[in-house]
Protein chains: 2
Amino acid sequence: MELKVHNWQLLDPAQRRELMQRPALYDDRGLRDSVRAILESVRARGDAALQEFTERYDRVTIETLRVSEAEFAAAEQSVPGTAIEAIQLAIDNVRRFHEARPSSNYEIETMPGIHCRRIAQPIDAVGLYVPAGSAPLPSTAVMLTVPAAIAGCPRRLLCTPPRRDGTADAAVLVAARRGGVSEVYKVGGAQAIAAMAYGTETIAKVNKIFGPGNAWVTAAKSMLAADAAGAAIDMPAGPSEVLIIADELATPEFVAADLLSQAEHGGDSQVILITTCQQLAIRVISEVDQQIASLPRRAIAMSALQSCRIIVASDIADAIAISNQYAPEHLLLQVRDPHAVLHSIRNAGSIFLGDWSPESVGDYCSGTNHVLPTYGSARSFSGLSVDQFMRHMTVQELSEDGLRSIAPAVLALAGLEGLDAHAAAVSRRIQQRSDSKASR
Amino acid sequence: MELKVHNWQLLDPAQRRELMQRPALYDDRGLRDSVRAILESVRARGDAALQEFTERYDRVTIETLRVSEAEFAAAEQSVPGTAIEAIQLAIDNVRRFHEARPSSNYEIETMPGIHCRRIAQPIDAVGLYVPAGSAPLPSTAVMLTVPAAIAGCPRRLLCTPPRRDGTADAAVLVAARRGGVSEVYKVGGAQAIAAMAYGTETIAKVNKIFGPGNAWVTAAKSMLAADAAGAAIDMPAGPSEVLIIADELATPEFVAADLLSQAEHGGDSQVILITTCQQLAIRVISEVDQQIASLPRRAIAMSALQSCRIIVASDIADAIAISNQYAPEHLLLQVRDPHAVLHSIRNAGSIFLGDWSPESVGDYCSGTNHVLPTYGSARSFSGLSVDQFMRHMTVQELSEDGLRSIAPAVLALAGLEGLDAHAAAVSRRIQQRSDSKASR
């Protein structure tokens, strides 16, 4: 591997912009047209279309989309005990962290006689998508099912692609069931997203769709989010990213291992190291060279490392400024005092402090969610939490006196906006009260 | 007005579906093409394009887009004192309600040595849009600026269309300034949204765009939300809606006034009454006939009432079920015991309890936000609050022992997913620790 080290101080603005670029998202017109056709077919023909697309793309005929009790039982049998324990530990930690959030309900009297309140409600029906891709992802099943269960969404369903033999991955089934979702369908890709958004004979429509996916799934989600007859979605999606800030005290072996654990995700994974120490950069590169040799997924990692960026910054403040500008999905702080640095971090999905917090613990089981904003959307989106499975309603209740005291303001504002019926809705009430007082 | 009363019990499923329909959203291909052309022009040519579109659509030449100190001062002078007091009261109540939300930050130890935390951060730069349309909307400026200021977003800017004389509405300027936003630009429509999303020479790019607008603005927002180079948006938008549940104790005069205050918003406003009392329905219709005669905006209200639905339900439980299915933006409960009903409400943007809580108090100054989910999106979206001006980062920090205790689970899960570099990032750390222990 030829990994180049860039000295930020020596770069001109154009070169700096270039280093902060993300790869163009796959936005093929052909892909969007294909996805649109799938959405329309599923909407028009329901289950029949799901069967067809599953035969075409997954190369298998699925008689019964829904996973049966017998399949769940077989899955529990087939997954090794240590793996089941690991899944359960992940569920327990994710539940502990997500459950601990403070309630968002509250109530105040904004003026005497004017009571305002906010009430959280779980979304009625949510659809969770667990991709299969190059490997099964039971950890994603954990990250989606646990917060949905804590929110208390009355209907929670999960779709995951069938394998060639017509079964769903056993570990995904175990994770889903233990995470609190037993309505699972063997269907994947854009057709699964369409089925959840529009509903079919078998899969009843949901209000919001969650979870990662390939370019087809992502395109389907974004189209359905823009369709009032579709469904809301969790967040936009792009390739996974890690940015490591390391100083001269960081351990090159660990930094290299963390860069590689991101690189093995996919050829488009974004892998960035910013260090205040040129020496460290060189040692990390040498470690990467050594470690990559033994990785089963080294071809993928090599491909991701083509676009790896190793940047030397003049000091930690500079390193943080570059990171805040990039807004990475995962940010690792392997510096002398990560707590001192933390308060200046503005834009990041999830942050990992110190030598003993590799990204893979967050990916799997520290308790935080691994569904995180990518492609710079950490500037405006949060990672997945129980919040996104709920919404708030506000409530107001005025007493007669409360209405009377606020009435002049309503009338003045309605006057400014030329909305007389808005004023009348208040003045008729007050008038009536005065009339009834007068007639006493 | 010929307002028809529908008896829910007597309707077949198709008729019920028909009554629950919303009007098709304006989705003209021509409009979308025009909006796309505007977005591309603004992105390519910046301020010059803004000038051109402002000349074309607002019929005025704006030399300096940004509102000057002198213009703010003139606005404070020109708005009557009672109106300024009303704006200030609205700001104070909205601030009180929005500020009172509980903090969403928290921290727990999910396992010994594994600390997980959530930290809220204001979004760096937010763009607020206040439409002009048939009337100026200072109340919308209040609803957008106050939560943005409470969140503490470092950069907050507001765009509002210029009038023919080249000025911005004085009340909107007063509300914006007092709400905490002094970066205001006189530009409207899709071009304003494009300017905020992409940035121009004068208007620096924002991360998220908030606020209502006409079909052009809505189309621009939805296109930019799907563009990774664009900006996030607050929520999808459709025509405004009210649904009133009233029993035999409701006051027909008030119910009629509330229906009309929604109807005067626009010809596409959705106005629905569900009552358990046929008699009340008839009396409300007669009140609407009387009250509409004196309304300045009666032509608009008449047009909205064409699609008004008055439904008689067999009991309150039925009425609530219908309302939950519809998921109205505004829900008014004018029934004997609104508190008893409240706990069964699942889907609504904002709820108004009892006779003394007309929708117009929430529109203006009770303290709740009037930017609310429409068109059924109350099923998955919340009304605007401080939350939407922030996002969360999660943080994890493991001790050496914490990592050691969770390591077997990470290794097992990485094994299930075939991600060896994920496992190595943990095992290399533990191995190193063991080595250094052994060498002591």
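> Please provide a residue-by-residue account of the overall build of chain A, values included.
A tally of helices and strands in chain A yields 17 helices and 14 strands. Over its C-alpha atoms, taken along the principal directions, chain A stretches across nearly 95 × 60 × 45 Å. Contacts in chain A between residues far apart in sequence, at least 24 positions, make up 76% of those at least 6 positions apart. Of the roughly 16,000 Å² of accessible surface on chain A, a fraction of 50% belongs to carbon and sulfur atoms. Charge separation in chain A, taken as the distance between the mean sites of 41 positive and 50 negative side-chain charges, equals 6 Å.

> With reference to specific residues and values, describe the layout of surface pockets.
Residues and elements named next belong to chain A. Its volume calculated, the second largest pocket comes out at about 160 Å³. If you trace the second largest pocket, you find it lined by His-6, Leu-11, Gln-15, Glu-18, Leu-19, Gln-21, Arg-22, Pro-23, Gln-270, Ser-307 and Arg-309. Across the lining of the second largest pocket, the residue classes break down as three nonpolar, five polar and three charged.

> Before we move on, can you summarise the relation of the copies chain A and chain B with the specific residues and values?
Relative to chain B, chain A is turned by 180 degrees and slid 0.0 Å along the rotation axis, the superposed coordinates differing by an RMSD of 0.0 Å. The transformation relating the two chain copies, once decomposed into turn and shift, fits a two-fold axis. Both copies share a contact surface, since 99% of the interface residues of chain A are interface residues in chain B too.

> Which residues make up the packing of aromatic side chains, and what values go with them?
All names here are of chain A. Throughout the structure, instances matching the rule amount to 10 aromatic pairs over all chains. Ring plane angle 15 degrees and centroid distance 6.3 Å describe the contact between Phe-53 and Tyr-57, whose orientation is recorded as stacked. With Phe-53 and Tyr-57 both in helix H3 (residues 47–58) and four residues apart, this pair spans about one turn of that helix. Among the aromatic residues, those joined into a cluster by ring pairs are Phe-53, Tyr-57 and Trp-216. Its end group placed over the ring of Tyr-375, Arg-22 keeps NZ or CZ at 6.0 Å from the ring centre.

Rules used in this analysis
Residues numbered from 1 in each chain as written. Chains lettered and ligands numbered in written order. Predicted model: local features only at pLDDT ≥ 70, side-chain atom pairs only at ≥ 80, totals over all residues. Heavy atoms only, no water. Helix = DSSP H or I, 4+ residues; strand = E, 2+ residues; numbered from the N terminus. Contact = heavy atoms within 4.5 Å. Areas by Shrake-Rupley, 256 points an atom, 1.4 Å probe, with all protein chains shown as cover. Lys, Arg positive; Asp, Glu negative; His and termini not counted. Charge placed at Lys NZ, Arg CZ, Asp CG, Glu CD. 1 Å grid on protein atoms, 1.4 Å probe; cavity = no way out; pocket = protein on both sides within 12 Å on 5 of 7 lines; lining within 4 Å. Points joined across faces, edges and corners; volume = space filled by probe spheres on them. Nonpolar A, V, L, I, M, F, W, Y, C, P; charged D, E, K, R; others polar. Least-squares fit on C-alpha atoms with pLDDT ≥ 70 in both. Phe/Tyr/Trp six-rings, centres within 6.5 Å; stacked < 30°, edge-to-face > 60°. Lys NZ or Arg CZ within 6 Å of the ring centre and 35° of its normal.

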